[in-house]
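One-letter residues, chain by chain:
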Amino acid sequence: MTGTAMDWASVSDAEVVRACRAGEDAAWRELVERFSRYVFAITRAHRLDETDAEDVFQETFARIYEHLGRLRDDEAIRPWIGQLTRRLCIDRLRASVRDPVPDTSQERGELDRSLAAVDEAVSVQEAMRTLSADCREILDRFFCRDQSYNTIGELLDLPPGTIASRISRCLGKLRVAYEGRSGASPASGEA
Amino acid sequence: MNENPMDEVRLSELLRELPPAPEAWVRAAQERPAIARAADQVLELAEADAQFRRELIADLEEALRAAGHEPDPRLVETLRRRLPEG
């Protein structure tokens, strides 16, 4: 893997990990890009304030970088990152007077549900990588970045009237890709 | 949106669960290899120079400045984790 004009969308997590271990800076940038939303979402689920969330975010990637060589199963990078981030969030909450660790069963239940939804969302993101770049971009802008039809139309040079149908078409493709990958139906609503 | 609209409602909810992290955070994390290389250089120097090693342990930021390194907080934090105590 050389870092030039690399289309990382088709590269598996395990291959990215192996390239990182081989010292490819481009692979590390991809690993951060690929998991940054996941780590960020876990800090949000724990309701850390912005300063603590940023500290946990940076510390998580620092530890990933330092300990990547010890990862026994490259396929297990995502659960490893999830576990590491959750542990750092809990450590941060324990050290904070303002934001105690959730300790009632209701609070723990809310946190568990939020984290389960984040994990499911990551599986959807993985399915998204199988879509065309155009579909990935429009879905990301509309749903993840909360951009309006007008903004998307201006940025992608599309008439706003066509945005809704394009989103709908891409969402349909995503549903097929997601169900094909996991055999799971997102309609269950189970997080 | 199609014959099973609930599927796509749930999918859109899940997409909204993962907004992008702030760009500056992502950029800083992506610079980690450069920070690690700088830390490696400092630690190699400390390995070869016992006096520098003692200075690092006594006052990390000042020792870095004296050695001509900008005490970037990420470098300091990395060295704190990697330097043995005492």
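All values reported here derive from a predicted model rather than from experimental measurement.

Before going further, it helps to examine the overall build of chain B. Of the regular secondary structure elements, chain B holds six helices and zero strands. Shown N-terminal to C-terminal, the secondary structure of chain B runs as helices and strands in the order α-α-α-α-α-α. Its C-alpha atoms give chain B a radius of gyration of 22 Å, clearly above 12 Å, the size a compact globule of 86 residues would have. Projecting the C-alpha coordinates of chain B onto the three principal axes gives extents of approximately 75 × 20 × 15 Å. Relative to all contacts within chain B whose residues are 6 or more apart in sequence, the contacts with residues 24 or more apart total 49%. A total of about 4900 Å² of accessible surface is found on chain B, and carbon and sulfur atoms cover 50% of it. Once the 12 positive and 19 negative side-chain charges of chain B are each reduced to a mean point, those two points are 3 Å apart.

Quick look at the packing of aromatic side chains now. Residues and elements named next belong to chain A. Within the structure shown, the criterion is met by seven aromatic pairs over all chains. Here W28 and Y65 contribute two aromatic rings whose centre-to-centre distance is 5.0 Å and whose plane-to-plane angle is 80 degrees, an arrangement assigned as edge-to-face. Here Y65 lies in helix 3 (residues 50–67) and W28 lies in helix 2 (residues 25–45), a separation of 37 residues in the sequence. A residue is classified by how much of its surface remains accessible, and W28, at 2% relative accessible area, is buried.

Residues and elements named next belong to chain A. For the structure shown, the criterion picks out 27 salt bridges over all chains. Residue D52 is joined to R92 by a salt bridge in which the shortest nitrogen-to-oxygen separation is 3.2 Å. Of this pair, D52 sits in helix 3 while R92 sits in helix 4 (residues 77–95), and the two are 40 residues apart along the sequence. Using a relative accessible area of 10% as the deciding quantity, one classes D52 as buried. Assessed through its relative accessible area of 21%, R92 is described here as partly exposed. Through salt bridges with shared partners, one network takes in D13, E30, R34 and R129.

Residue and element names in this part refer to chain A. Taken as a whole and judged by the stated rule, the model has one disulfide over all chains. The side chain of C135 participates in a disulfide bridge whose partner is C170; the two sulfur atoms lie 2.1 Å from each other. Since a negative S-S torsion denotes a left-handed disulfide, the C135-C170 link at about -75 degrees is left-handed. Separated by 35 residues along the polypeptide, C135 in helix 6 (residues 133–144) and C170 in helix 8 (residues 160–182) bring together distant segments of the chain. Neither residue differs from the other here; C135 and C170 are each classed as buried. In this structure C89 is not part of a disulfide, and its nearest cysteine sulfur, from C144, lies 20 Å away. Judged by its relative accessible area of 0%, C89 is buried.

Reading the values: rules and limits
Residues numbered from 1 in each chain as written. Chains lettered and ligands numbered in written order. Predicted model: local features only at pLDDT ≥ 70, side-chain atom pairs only at ≥ 80, totals over all residues. Heavy atoms only, no water. Helix = DSSP H or I, 4+ residues; strand = E, 2+ residues; numbered from the N terminus. Rg over C-alpha atoms; globule rule 2.2 N^0.38 Å. Contact = heavy atoms within 4.5 Å. Areas by Shrake-Rupley, 256 points an atom, 1.4 Å probe, with all protein chains shown as cover. Lys, Arg positive; Asp, Glu negative; His and termini not counted. Charge placed at Lys NZ, Arg CZ, Asp CG, Glu CD. Phe/Tyr/Trp six-rings, centres within 6.5 Å; stacked < 30°, edge-to-face > 60°. Buried < 20%, exposed > 50% of the residue type's maximum accessible area, 1.4 Å probe, protein only. Salt bridge = Lys/Arg side-chain N within 4 Å of Asp/Glu carboxyl O. Disulfide = S-S within 2.5 Å.

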